[in-house]
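Chain residues, written in single-letter form:
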Amino acid sequence: MRVSRLAHVPGIGVDRVGDAADALADPEILRLENLDVDVRPPRVAVEATVTAIGDDDANSYLPFQGHLSLREAACAWVGARDGVAYDPRTQCVSVAGGLNGILNVLLATVEPGQEVVLTDPIYAGLVNRVRLAGGVPRFVPARATPDGWLVDPEELASAVGPRTAAVITSMPTGGVMGPSHWAALAERTGAHRPWIIHDTAMDRLRFGGPIDGGPAAVEALRDRTITVGSASKELRMIGWRVGWVVGPAPIMADVALVGMANVVCQVGIAQQAVAAALTAPDAEADVRAFTDVLEARSRVILEQLDGYPCVRPDGGWSLLIDTRPLGVSPGELSDRLMRKGRVAATPMDGWGPSGEHHLRLVFANEPVERLADLRARFDAALG
């Protein structure tokens, strides 16, 4: 029998679809179900990793909060966007990937029974971590429009109340938030002062426009914003399992304490590599070039599926389809796509209340050439 903390923690679906595709061992299957990526990590990161394998200092638990070079690089990476000078010794810890960072922050900020505000739909892994920490998810709708996903800033701020411990801001669906949302949170939530947990795993992967600062760029939110980042997505360093948490010194001491009681430390041979990738002279250009690749793939999918109920993403590497107009459930469409169209795609059950009618396509691991017959595959699946 499951322990009670798992009663409302479903799987994320990606593992089941991925395992089914692997079992078929069919190279013609389009792998649109998971966040693996076919664009190589920065060369400087690979070279630094090879060097670290022979470095005895990299084969160590210490320092538990992460190598100083990595924390310095992470603080500079976050601070350059938000216009904030962070102290790497007291305001940053390294973590074993961004979602480890999210869980550590939730465990340091949320009392059992308190609410955590999230947008809907959202990544199931974020919802599950809120529940593992004892929090109660409170969802604010992200509405699909012809221009993409829209979250009403006032509605976001109005969801904050006396039981709110934190607000998680993230973009797993391809929808983005910006200055209007930070302004509303600053103006409307001062009486309750929830933590703003800003998930920046894909923050720089934005299409067609400049990257706005995060909530920490707003002075009224700075002392209650905790920024969590990761090398897995922007830098394509999935297997390195390195992320970072940056925020006010007092709460960072608690986040570090949770880290010691949880994963303990990060991959030693990976930290210098991530630091090298973050501080490389062409780091921003590298992320921009990757973003251009993702945007081109998104454009091809939207062209291929013109007339299907797709929601245009503004960034990231996921595109959602509302299956209600198609007369099928996301699970049924996923099954038909695998059997009749040779497409692996994940139904979003558990990805917030509206996940039950969305299917997710991930375009991180398939080049545009492989996407050229996507419409024919969908048409075959739907008869």
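Residues numbered from 1 in each chain as written. Predicted model: local features only at pLDDT ≥ 70, side-chain atom pairs only at ≥ 80, totals over all residues. Heavy atoms only, no water.

Draft legend 1. Focus on the overall build of the chain. When its secondary structure is counted, the chain shows 13 helices and 15 strands. Here the C-alpha radius of gyration of the chain, 20 Å, is about what a compact globule of 383 residues would show, namely 21 Å. The principal-axis extent of the C-alpha atoms belonging to the chain is close to 60 × 50 × 50 Å. Taking all 383 residues of the chain together, 56% fall into the buried category. (Helix = DSSP H or I, 4+ residues; strand = E, 2+ residues; numbered from the N terminus. Rg over C-alpha atoms; globule rule 2.2 N^0.38 Å. Buried < 20%, exposed > 50% of the residue type's maximum accessible area, 1.4 Å probe, protein only.)

Draft legend 2. Just the sheet that holds strand β11 (residues 310-311), in detail. Reading across from one edge, β11-β12-β15-β14 is the order of the four strands in this open sheet, with antiparallel pairing throughout. This sheet does not close on itself; its edge strands, each paired only once, are β11 and β14 (346-347). Here β14 runs beside strand β15 (residues 358-362); their pairing, made up of two bridges, is antiparallel. Along β15, the bridge assignment pairs T346 with R360. Across the sheet, helix α12 (residues 330-341) touches β14 and β15, and the angle it forms with β15 is around 40 degrees. (Pairing = 2+ DSSP bridges. Contact = heavy atoms within 4.5 Å. Axes fitted to C-alpha atoms, helices over the stretch in contact; angles between N-to-C directions.)

Draft legend 3. Representation of the layout of surface pockets. Empty space within the largest pocket amounts to approximately 610 Å³. Taken together, 31 residues form the lining of the largest pocket, with L35, L99, Y123, S232 and K233 sitting closest to its centre. For the lining of the largest pocket, the secondary-structure elements that each account for two or more residues are α1 (14-24), α4 (98-109) and α5 (124-132). The dominant element in the lining of the largest pocket, judged by the number of residues it contributes, is α4, at four residues. For the lining of the largest pocket, the class distribution of residues is 15 nonpolar, nine polar and seven charged. If you go around the second largest pocket, the residues you meet are G13, R16, V17, A20, G331, S334, D335, M338, R339 and P347. For the lining of the second largest pocket, the secondary-structure elements that each account for two or more residues are α1 and α12. Here the lining of the second largest pocket takes five residues from α12, the largest share from any one element. Tallied by class, the residues present in the lining of the second largest pocket amount to four nonpolar, three polar and three charged. (1 Å grid on protein atoms, 1.4 Å probe; cavity = no way out; pocket = protein on both sides within 12 Å on 5 of 7 lines; lining within 4 Å. Points joined across faces, edges and corners; volume = space filled by probe spheres on them. Nonpolar A, V, L, I, M, F, W, Y, C, P; charged D, E, K, R; others polar.)

Draft legend 4. Quick look at the side chain of R206. With respect to the helices, strands and loops of the structure, R206 is situated in the loop between β8 (195-199) and α8 (219-222). The exposure class of R206 is buried, given its relative accessible area of 7%. Within the structure, R206 has its side chain in polar contact with the backbone oxygen of D203 (distance 2.9 Å). When neighbours within four sequence positions are excluded, R206 is seen to be in contact with V176, M177, I211, D212, R288, T291, D314 and G315. (Polar contact = N/O pair within 3.5 Å; in protein donor to acceptor, adjacent residues only side chain to side chain.)

Draft legend 5. Looking closely at the packing of α4 against α5. It is the contact of α4 with α5, at a shortest axis distance of 9 Å, that shows an interaxial angle of 30 degrees. With respect to α5, the element α4 is oriented roughly parallel. Where α4 crosses over α5, the two elements pack in a sense that is right-handed. Across from L99, I102, L103 and L106 in α4, the residues of α5 making contact are L126, R129, V130 and L132. (Parallel < 35°, antiparallel > 145°, perpendicular 65-115°, else oblique. Left-handed = near helix turned anticlockwise from the far one by under 90°.)

Draft legend 6. Structural view of the pattern of salt bridges. The tally for this structure, following the rule as stated, stands at 22 salt bridges. A salt bridge links R188 to E154; the shortest N-O distance between them is 2.1 Å. On the criterion of sequence distance, the pair formed by R188 in helix α7 (residues 179-188) and E154 in helix α6 (residues 153-158) is long-range, its members being 34 residues apart. Accessibility expressed as a relative area gives 42% for R188, which makes it partly exposed. A salt bridge links D379 to R375; the nearest nitrogen and oxygen atoms lie 3.8 Å apart. Of the two residues, D379 and R375 are both situated in helix α13 (residues 374-381); the distance of four residues between them amounts to about one turn of the helix. (Salt bridge = Lys/Arg side-chain N within 4 Å of Asp/Glu carboxyl O.)

Draft legend 7. Spatial organisation of α13. Inspection of α13 places L374, R377, F378 and A381 among the buried residues, and these make up the whole buried set. On an axial view of α13, the arc spanned by its buried residues comes to 95 degrees, and they lie on one face. On its buried face, α13 sits against β1 (30-31), α11 (283-304), β12 (318-322), α12, β13 (343-344) and β15. Just downstream of α13 lies G383, where phi reads positive at about 75 degrees. (Arc of directions from axis to C-beta.)

Draft legend 8. The arrangement of the packing of aromatic side chains in detail. Under the criterion given, the structure shown has four aromatic pairs. Between Y123 and W351, the ring centres sit 5.2 Å apart and the planes meet at 70 degrees, which makes this aromatic pair edge-to-face. Residue Y123 is located in the loop between β3 (115-120) and α5, and its partner W351 is located in the loop between β14 and β15; the two are separated by 228 residues in the primary sequence. Here Y123 matches W351 in class, with each residue buried. Here the guanidinium or amino end of R204 rests over the ring plane of W77, the centre of that ring lying 3.9 Å away. One residue, R236, lies across the ring of F290, its end atom 5.0 Å from the ring centre. (Phe/Tyr/Trp six-rings, centres within 6.5 Å; stacked < 30°, edge-to-face > 60°. Lys NZ or Arg CZ within 6 Å of the ring centre and 35° of its normal.)

Draft legend 9. Representation of the sheet that holds strand β4 (residues 136-141) in the model. One open sheet holds the seven strands; their spatial order is β2-β10-β9-β8-β7-β3-β4, and the pairing between them is mixed. If you trace the sheet from one side to the other, it starts and ends with β2 (92-95) and β4, each paired once. Sheet twist, expressed as the mean angle between neighbouring strand axes with direction ignored, is 25 degrees. Here β2 runs beside strand β10 (residues 243-246); their pairing, made up of four bridges, is antiparallel. Within β10, the residue paired with V95 across the bridge is G243. Lying on the sheet, helix α9 (residues 249-261) is in contact with β2, β8, β9 (225-230) and β10; it crosses β2 at an angle near 25 degrees.

Geometry only, nothing functional implied.
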